[in-house]
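Chain residues, written in single-letter form:
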Amino acid sequence: MNPTKLFLTFAVLLGVMFFLSSMKEKVAPGAETVTTAAEGNGLLGGLFGTAKLTTVGAQEETETDPARLRRAEFYGWKAKHPGLAVQDDLIVGLSEAVSGYPGIRVPQLPANHRILKSDPTCSPAKPQPGDRIANVSIGQADLDSGLQVFTVSEMAKDTRRWLEGTLRKSLWTDESDLVGDHAVPMVDVILTDASAPQYVVLQHHRGRVLWNIVPAKGVTISHVVMIGNGASINPAPGNYDIQHLATGGDCVPRVAREPRPTWDMYSRVGVRLEEYEPRARAEFAAYDAWFRRNFGQGAETGVVGFDTTQHVLVGPIPSRPEERVAYRPVTGATVLVQEADYVFTASEPERSAFLIEHQTEIARNAAGGDLAMLFPEPLYREAAK
């Protein structure tokens, strides 16, 4: 890269960061909602060419062999659809417990959202006498969702990556160079225990997650608490409270699972176990102690969930096909979302159009109002070589 181009790159990147930091105070949490697409990507037009939309192939939904529905990862199992996590660290096919599932080929788009603020007390409500803990704990979610949640700093990083890639490589970019995907992955939580009110504890270790609650007929929910940063929920109907507890700092320890021999950490060739196991056990000990103080049982008691999870079942597996739980989709629902700078629901083309428009505006302002300033005539000639 010649000195002129390097200077322009550095100046514009600084401008992007400054513009984003000044914009942060102007965007109300959850203020951005997209329901219709901006038309095309003409804002990039002649400078950057036409972004290409891509589609991701769907996973096979007919697999029934439990051994093929998951594989061991470093910190636990990674399940794939249609694998349903059940108690005792087992997995079955989703159709054994659920009817009417639309399939992962069908995008699930919430109709609206409301902001759910984290509880500043850092303390969950105490379970009431007679409540039964529905204990769900995962590493991360892994079902596609149309819900997009991201921060100003993430938008800045996406714009900076786009500018860096464009200035370094070519005037022609792919859609993946222009926009970042901040979709919130889903987990279906199937509840079948109707013998006692369910005090639902939803825990995740990393990333963002949208919990989709699917209760069987007769199930009563007494309370829901979500533990982990970046949590959203499609709550089931009922008269109960929902809490969100952020993790980290002096509030709640980071969610952790007890290490198990099935973790790939214990069998992967070349892994220095002494570097990982003590830390994993220390994190679990801290979290388990907090969990016992607040819920009166250990964090692993009756727990359901894998390191990477798509569907979980808390309660008995229906004994007959006609007793399976009718699926309750996220599509058309109003979801509760932890507050963020941008929250919106969109299909893939709508998401791309919205983010391209926003990032182009950011770059244009950072460049002093004219994107052409990023590519003076000599640089056009150089890039065309």
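See the structure printed just above.
Residues numbered from 1 in each chain as written. Predicted model: local features only at pLDDT ≥ 70, side-chain atom pairs only at ≥ 80, totals over all residues. Heavy atoms only, no water.

**Here's the deal with the sheet that holds strand β15 (residues 241–245)**
Here is step 1 of the chain: The 4 strands lie next to each other as β7-β11-β13-β15, forming an open sheet whose pairing is parallel. The open sheet is flanked by β7 (132–138) and β15, the only strands paired with a single partner. On average, adjacent strands in this sheet sit at an angle of 15 degrees to one another, irrespective of strand direction.
Here is step 2 of the chain: Alignment of strand β13 (residues 221–227) against β15, held across 5 bridges, turns out to be parallel. Counted as the bridge partner of Val224 is Ile242 from β15.
Here is step 3 of the chain: Docked against the sheet, helix α5 (residues 273–295) engages β7, β11 (198–204), β13 and β15, running at close to 160 degrees with respect to β11. (Pairing = 2+ DSSP bridges. Helix = DSSP H or I, 4+ residues; strand = E, 2+ residues; numbered from the N terminus. Axes fitted to C-alpha atoms, helices over the stretch in contact; angles between N-to-C directions. Contact = heavy atoms within 4.5 Å.)

**Remarks on empty space enclosed by the protein**
Here is step 1 of the chain: Within this structure, the stated rule accounts for 2 cavities of 30 Å³ or more.
Here is step 2 of the chain: As a volume, the largest cavity reaches approximately 40 Å³.
Here is step 3 of the chain: Taken together, Val86, Asp89, Arg257, Arg260, Val303, Val304, Gly305 and Phe306 form the lining of the largest cavity.
Here is step 4 of the chain: Considered class by class, the residues forming the lining of the largest cavity number 4 nonpolar, 1 polar and 3 charged. (1 Å grid on protein atoms, 1.4 Å probe; cavity = no way out; pocket = protein on both sides within 12 Å on 5 of 7 lines; lining within 4 Å. Points joined across faces, edges and corners; volume = space filled by probe spheres on them. Nonpolar A, V, L, I, M, F, W, Y, C, P; charged D, E, K, R; others polar.)

**What about the sheet that holds strand β14 (residues 231–234)?**
Here is step 1 of the chain: If you trace the 8 strands from one edge of the open sheet to the other, you get β4-β3-β17-β10-β12-β14-β19-β6, paired in mixed fashion. Where the open sheet ends on each side, the last strands, each with one partner, are β4 (90–93) and β6 (112–116). This sheet shows a mean twist of 30 degrees between the axes of neighbouring strands, independent of strand direction.
Here is step 2 of the chain: Relative to strand β19 (residues 334–338), β14 runs antiparallel, the two being bridged by 2 bridges. Directly across from Ser232, in β19, lies its bridge partner Val337.

**Structural notes on the pattern of salt bridges**
Here is step 1 of the chain: Under the counting rule described, the total for this entry stands at 14 salt bridges.
Here is step 2 of the chain: A salt bridge links Asp89 to Arg260; its shortest N-O distance comes to 3.4 Å. In this pair, Asp89 sits in the loop between β3 (83–86) and β4 while Arg260 sits in the loop between β15 and α5, placing the two residues 171 residues apart along the sequence.
Here is step 3 of the chain: For Asp89, a relative accessible area of 17% corresponds to the buried category.
Here is step 4 of the chain: Between Arg320 and Glu322 there is a salt bridge whose closest N-O contact spans 3.5 Å. (Salt bridge = Lys/Arg side-chain N within 4 Å of Asp/Glu carboxyl O. Buried < 20%, exposed > 50% of the residue type's maximum accessible area, 1.4 Å probe, protein only.)

**Considerations on helix α6 (residues 348–366)**
Here is step 1 of the chain: Counted at 1.5 Å a residue, the expected span for α6 with its 19 residues is 27 Å, and the 27 Å between its end C-alpha atoms agrees.
Here is step 2 of the chain: Looking one or two residues past α6, Gly368 carries a phi angle of roughly 90 degrees, positive in sign. (Expected span 1.5 Å × (residues − 1).)

Read these as spatial facts, not as claims about activity.
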